[in-house]
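Notes for the structure review
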There are 2 protein chains.
Amino acid sequence: MLSRKELFKDTLRKAAHAWKRIVELRLTEEEANLLRQYVDQPGYVDLHWGMFVPAIKGQGTEEQQQKWLPLAYKFQIIGCYAQTELGHGSNVQGLETTATFDPKTDEFVIHSPTLTSSKWWPGGLGKVSTHAVVYARLITEGNDYGIHGFIVQLRSLEDHSPLPGVTLGDIGGKFGSGAYNSMDNGVLRFDHVRIPRDQMLMRLSQVTRDGKYVHSNVPKQLLYGTMVYVRQSIVADASKALSRAVCIAVRYNAVRKQFGSQDGGPETQVLNYKTQQSRLFPLLASAYAFRFVGDWLNWLYTDVTQKLEAKDFSTLQEAHACTAGLKAVTTSVTADAIEECRKLCGGHGYLNSSGLPELFAVYVPACTYEGDNIVLLLQNISQAASQEEGFYERSPDLLEAAVAHIQLIIVTKFVEKVQQDIPGHGVKEQLQTLCNVYALHILHKHLGDFLATGCITPRQGALANEQLGKLYAQVRPSAVALVDAFNYTDHYDGDVYPALCEAAWKDPLNETVVPEGYHEYLRPLIRQQQLKLSRL
Amino acid sequence: MLSRKELFKDTLRKAAHAWKRIVELRLTEEEANLLRQYVDQPGYVDLHWGMFVPAIKGQGTEEQQQKWLPLAYKFQIIGCYAQTELGHGSNVQGLETTATFDPKTDEFVIHSPTLTSSKWWPGGLGKVSTHAVVYARLITEGNDYGIHGFIVQLRSLEDHSPLPGVTLGDIGGKFGSGAYNSMDNGVLRFDHVRIPRDQMLMRLSQVTRDGKYVHSNVPKQLLYGTMVYVRQSIVADASKALSRAVCIAVRYNAVRKQFGSQDGGPETQVLNYKTQQSRLFPLLASAYAFRFVGDWLNWLYTDVTQKLEAKDFSTLQEAHACTAGLKAVTTSVTADAIEECRKLCGGHGYLNSSGLPELFAVYVPACTYEGDNIVLLLQNISQAASQEEGFYERSPDLLEAAVAHIQLIIVTKFVEKVQQDIPGHGVKEQLQTLCNVYALHILHKHLGDFLATGCITPRQGALANEQLGKLYAQVRPSAVALVDAFNYTDHYDGDVYPALCEAAWKDPLNETVVPEGYHEYLRPLIRQQQLKLSRL
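Residues numbered from 1 in each chain as written. Chains lettered and ligands numbered in written order. Predicted model: local features only at pLDDT ≥ 70, side-chain atom pairs only at ≥ 80, totals over all residues.

- Under the annotation held in an unreviewed UniProt entry, chain A carries the name acyl-CoA oxidase and is attributed to Miscanthus lutarioriparius.
- The record in UniProt for chain A states the following under Cofactor (unreviewed entry): "FAD".
- Turning to chain A, the UniProt record has this under Subcellular location (unreviewed entry): "Peroxisome". (UniProt positions renumbered as here; feature names shortened; annotations may be inferred.)

Examining the overall build of chain A
- When you go through chain A residue by residue, the secondary structure sums to 16 helices and 11 strands.
- In terms of its C-alpha atoms, chain A occupies a principal-axis envelope of roughly 90 × 75 × 60 Å.
- Within chain A, contacts between residues separated by at least 24 positions form 70% of all contacts whose residues are at least 6 apart in sequence. (Helix = DSSP H or I, 4+ residues; strand = E, 2+ residues; numbered from the N terminus. Contact = placed C-beta atoms within 7 Å.)

Description of the relation of the copies chain B and chain A
- It takes a turn of 180° to lay chain B on chain A, together with a shift of 0.0 Å along the axis; the resulting RMSD is 0.1 Å. Viewed as a symmetry operation, the transformation between the two copies matches a two-fold axis. Measuring from the rotation axis to each C-alpha of chain B, the shortest distance belongs to G448 of chain B, at 1.6 Å.
- Mapped onto chain A, 99% of the interface residues of chain B are again interface residues, and the two copies thus contact each other with one and the same surface. (Least-squares fit on C-alpha atoms with pLDDT ≥ 70 in both.)

Considerations on the sheet that holds strand 7 (residues 166-170) of chain A
All names here are of chain A.
- Spatial ordering of the open sheet is given by 4-8-7, a layout of 3 strands whose pairing is antiparallel. The open sheet is flanked by strand 4 (119-120) and strand 7, the only strands paired with a single partner.
- In this sheet, strand 8 (residues 186-190) lies alongside strand 4 in antiparallel orientation, the contact comprising 2 bridges. The partner of W120 across the bridge, within strand 8, is V187. (Pairing = 2+ DSSP bridges.)

Let's talk about the pairing of strand 5 (residues 131-140) of chain A
All names here are of chain A.
- Taking burial as the measure, the 10 residues of strand 5 include 8 buried ones, the bulk of the element.
- Here 4 bridges tie strand 1 (residues 79-82) to strand 5, and the two strands are oriented parallel to one another. What sits directly across from C80, in strand 5, is A132.
- Pairing of strand 2 (residues 98-102) with strand 5 involves 3 bridges; the strand directions are parallel. Bridged to T100 within strand 5 is I139.
- Bridge analysis of strand 5 against strand 6 (residues 143-153) gives 9 bridges, and the strand direction is antiparallel. Paired with V134 across the two strands is F150, which belongs to strand 6. (Buried ≥ 20, exposed ≤ 12 C-beta atoms within 10 Å, placed from the backbone.)

So, the nonpolar core
- In this structure, L284 of chain A together with L284 of chain B are the most contacted members of the largest nonpolar core, which totals 298 residues.
- Beyond its immediate stretch of four places on either side in the chain, L284 of chain B contacts V246, V250, L434, A479, L482 and V483 of chain B. (Core = buried A, V, L, I, M, F, W, Y, C linked by C-beta atoms within 7 Å.)

Thoughts on the UniProt feature "domain: Acyl-CoA oxidase/dehydrogenase middle" (unreviewed entry) in chain A
- Under the feature "domain: Acyl-CoA oxidase/dehydrogenase middle" (unreviewed entry), the UniProt entry names residues 80-181 of chain A.
- Counting secondary structure, residues 80-181 of chain A comes out at 0% helix and 40% strand; the distance between its end C-alpha atoms is 17 Å.

Quick word on the confidence of the model for chain A
- For chain A, per-residue confidence averages 91 on the pLDDT scale, and residues scoring 70 or more make up 95% of the total.
- For this predicted complex, the interface score ipTM comes out at 0.94, while the overall pTM is 0.95. (pLDDT = per-residue confidence, 0-100.)

Considerations on the packing of helix 16 (residues 518-526) of chain A against helix 1 (residues 4-24) of chain B
- Two elements in contact, helix 16 of chain A and helix 1 of chain B, have axes separated by 9 Å at closest approach and are oriented at 40°. Classed by the angle they form, the pair helix 16 of chain A and helix 1 of chain B counts as oblique. The handedness of the crossing between helix 16 of chain A and helix 1 of chain B comes out as left-handed. When helix 16 of chain A is examined against helix 1 of chain B, the residues Y521, L522, P524 and L525 of chain A are found in contact with a partner set consisting of L12, R13, A16 and W19 of chain B.
- Its residues placed into classes, the contact of helix 16 of chain A with helix 1 of chain B shows 7 nonpolar, no polar and 1 charged. (Axes fitted to C-alpha atoms, helices over the stretch in contact; angles between N-to-C directions. Parallel < 35°, antiparallel > 145°, perpendicular 65-115°, else oblique. Left-handed = near helix turned anticlockwise from the far one by under 90°. Nonpolar A, V, L, I, M, F, W, Y, C, P; charged D, E, K, R; others polar.)

Okay, here's the thing in structure tokens:
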């Protein structure tokens with residue numbers, strides 16, 4: 001476990017090394033992306049490539065792209081995405097930072113009027129970025145035109161010092177032993193910082209030399225395409241993270257033995273216990289369910305993109321709602337499921353060497369970023385429902401309805417998948433079993449809703465529950481094979497205990513037999529001669 | 001965020017300082033305990049006082065207590081509690097470490113026959129303890145008499161080096177940025193380590209000079225009293241941890257504003273949103289529910305202890321089952337609730353400065369230690385039910401039944417509480433509202449079970465749900481006062497944003513404006529002149 005400073009410096013080192021290899025090997029953008037995925041720590045590079053560059057590509061004019069992208073591609077500038085503020089998250093329209101046009105100098109004045117308007121959270125901002133795409137309220141001729149993006153230089157390209165009027169730093173330690181602590185999420189305040197007018201991202205709208213706000217003829221819907229893309233990749237990531245957690249838990253539960261011995265014989269594999277199965281196998285089924293719905297979303301994104309290029313916006317709204325809802329449900333379920341997998345590994349799941357604490361810590365922000373899950377689900381439904389009086393009163397129920405709708409999509413896509421031809425001996429049958437587990441598990445979990453609405457009878461509910469138990473027995477023999485199919489090769493040999501020991505002995509505390517601090521703080525206790533003062 | 005070594009050394013420093021003050025101020029044992037609670041990091045001291053000393057008190061003879069306790073009280077020896085093994089947790093009867101009596105030398109030979117028999121997890125073992133109470137299978141005259149406790153010296157009192165035959169170390173990094181990383185949970189293997197016969201803890205049974213295993217006349221049930229004590233204090237701790245998390249979340253939700261603004265006016269406090277209320281207020285009600293059931297358990301423990309002293313074991317079994325079940329339910333609910341409170345604080349809940357990530361990381365082991373929650377619940381019910389064929393097949397359902405039974409106890413104790421006189425204007429009414437929230441929330445969560453068993457009709461279920469919404473509206477005005485009553489004074493002023501900023505600027509990464517590693521890893525990237533090799 002490294003200190004914050006060590007972790008951060010280590011990320012800088014890894015990123016620089018990866019870049020060196022990318023240049024030396026003359027990798028294409030796609031190849032470079034793959035290489036970067038092997039750098040296992042979150043870092044500034046993710047935001048530079050994942051948010052800064054796409055923002056300029058999506059919201060910048062051709063001219064702006066030609067100016068800024070080559071600099072970004074060569075890392076001659078490093079960028080981040082400064083949207084969220086200390087007091088404002090999911091509600092982008094509530095941002096307070098202002099960009100006021102000054103026709104006298106043909107510049108925008110970027111300013112943080114309050115403490116709560118401080119930019120807060122952007123990854124890469126704290127210590128690294130030289131530039132940011134900053135979102136601010138555009139004010140010109142005394143009118144507030146709402147939130148727009150601006151390219152703002154933050155630090156000197158000569159010596160990395162913050163430019164005049166720019167105050168920035170890191171926002172401090174985060175969840176976990178490592179996780180996002182390798183990332184310099186930042187805080188940023190502007191004190192009347194001036195930028196040229198042409199650093200406003202102008203694809204959709206711009207301000208003329210004399211201060212007029214004008215729209216371009218580019219349809220606004222094009223921007224939603226990016227949001228659909230980002231969220232569909234979050235769903236794909238949910239499936240990956242869940243697969244990894246389930247893989248660790250299933251393998252461990254196959255190795256771990258406990259209770260059930262007769263006359264000193266070997267204990268029983270814990271994977272054989274019905275209580276473990278009823279917690280673990282629905283998660284295994286969910287990992288497959290999310291993979292298939294992720295594949296479908298990927299197809300949907302491609303389809304929407306092609307239609308957008310042909311100026312056909314007919315499927316955009318539904319795709320947008322689907323991806324937002326699926327993002328919310330899959331990330332929430334995955335975060336809870338990783339923690340459940342951790343608990344299913346007993347005490348050892350609490351050790352970092354199990355892989356699960358860090359998987360959890362690095363995963364949970366997905367529930368909040370790119371739209372808080374609850375907010376996303378409510379936006380779905382608030383678009384669909386006419387917002388009559390009482391909408392917010394009923395919102396907890398509507399939230400449950402939205403989740404149910406998304407669950408129906410997931411089950412449907414799983415059912416569609418197992419109706420197709422699937423290669424491999426017996427694979428289709430196993431996936432059919434998992435599909436049934438997934439569907440019946442959802443039914444069991446929300447039994448009250450099914451019964452209350454009369455969709456099923458108590459007798460049917462009991463039968464479904466009984467059936468679920470039988471399905472678990474069918475999953476049991478192939479459980480390990482089903483997680484092996486995820487292709488995680490770490491410790492696939494099942495030698496859990498030697499691996500735990502090996503990791504333990506590598507801990508820095510084991511560098512010396514007698515610990516640092518012994519002579520200072522322990523020996524004086526143990527060797528004390530004079531303790532008559534104490535009444536103990 | 002400190003490195004593992006820094007964290008650990010810091011705990012040694014704090015413990016030594018606390019002890020110095022305890023001696024200087026001539027504190028009583030009770031006063032010293034209070035002082036130690038202010039040392040906010042888990043450390044070896046907790047196990048020395050909380051497990052090693054009580055084990056000797058509970059399982060040692062008068063003579064053994066007179067020999068060992070004064071040494072422990074003065075820290076001339078430091079002890080830990082070495083029970084759990086790498087391959088064996090909840091099933092104590094499965095432990096593999098052996099203590100074989102050798103009549104030739106009048107000694108026990110302590111031995112770890114396999115890798116999985118390595119002692120694993122004991123706090124304070126890794127780097128600090130000089131002694132341990134070690135649990136091992138007692139073997140004499142060729143017979144295995146099962147698990148017994150032995151006092152074993154591990155390290156030299158002269159130079160702290162491990163004694164011959166003893167291999168030990170730390171088991172590595174754990175969940176969180178700090179949490180239990182300040183603790184030296186350890187691994188320990190014995191290679192035929194010899195200890196005198198009188199270092200077996202002999203209150204219940206002993207081995208005679210010639211190797212006969214004999215029971216004392218002390219009733220075994222006396223030991224259960226300790227288990228009841230430990231678990232009732234875990235329930236009390238659950239209530240404290242949950243109160244703390246709910247307090248942070250309610251205060252933040254009262255300050256945080258989002259959406260709902262009309263024409264640029266101020267946004268709405270998020271605590272006013274029904275979706276936040278429906279997630280947060282049941283947790284607030286749970287914090288009170290756990291406090292009251294904890295008070296009752298404390299009374300139950302006192303009652304059982306008095307009866308035990310009079311050799312009356314009549315209420316012991318029920319008390320044992322109640323505390324085990326309540327331990328399991330309250331710790332599971334609390335762990336999930338802390339994480340839910342964290343999510344209810346949006347992005348800021350992911351920052352360590354919110355207090356919630358570390359509260360979670362330090363809390364979750366409670367679900368596993370002192371008996372895995374699922375195992376505990378199944379033992380309840382397996383004692384009650386005759387273990388007919390099919391018990392394990394039906395175990396997931398029985399588990400749900402056990403949880404329901406425990407929930408009934410919690411609701412009952414809450415109802416009993418609000419039937420008493422409660423001082424303070426309006427306090428009783430507010431507690432009555434929370435009691436209703438708690439009960440109806442449980443009903444809503446398990447609606448399927450209530451409907452399936454015909455306990456309520458769908459119409460009643462819908463009415464209960466409607467009523468729950470009305471109750472939330474009643475809780476809303478007093479929510480902040482209800483958490484203020486928990487008496488956590490940190491940041492009670494509600495100045496969330498300045499506090500977050502203040503914490504951020506203290507991060508080690510902010511010690512310098514230009515980060516360590518800039519000249520080595522960033523400047524070469526940004527200032528590169530030669531990038532023609534790249535195809536990007």
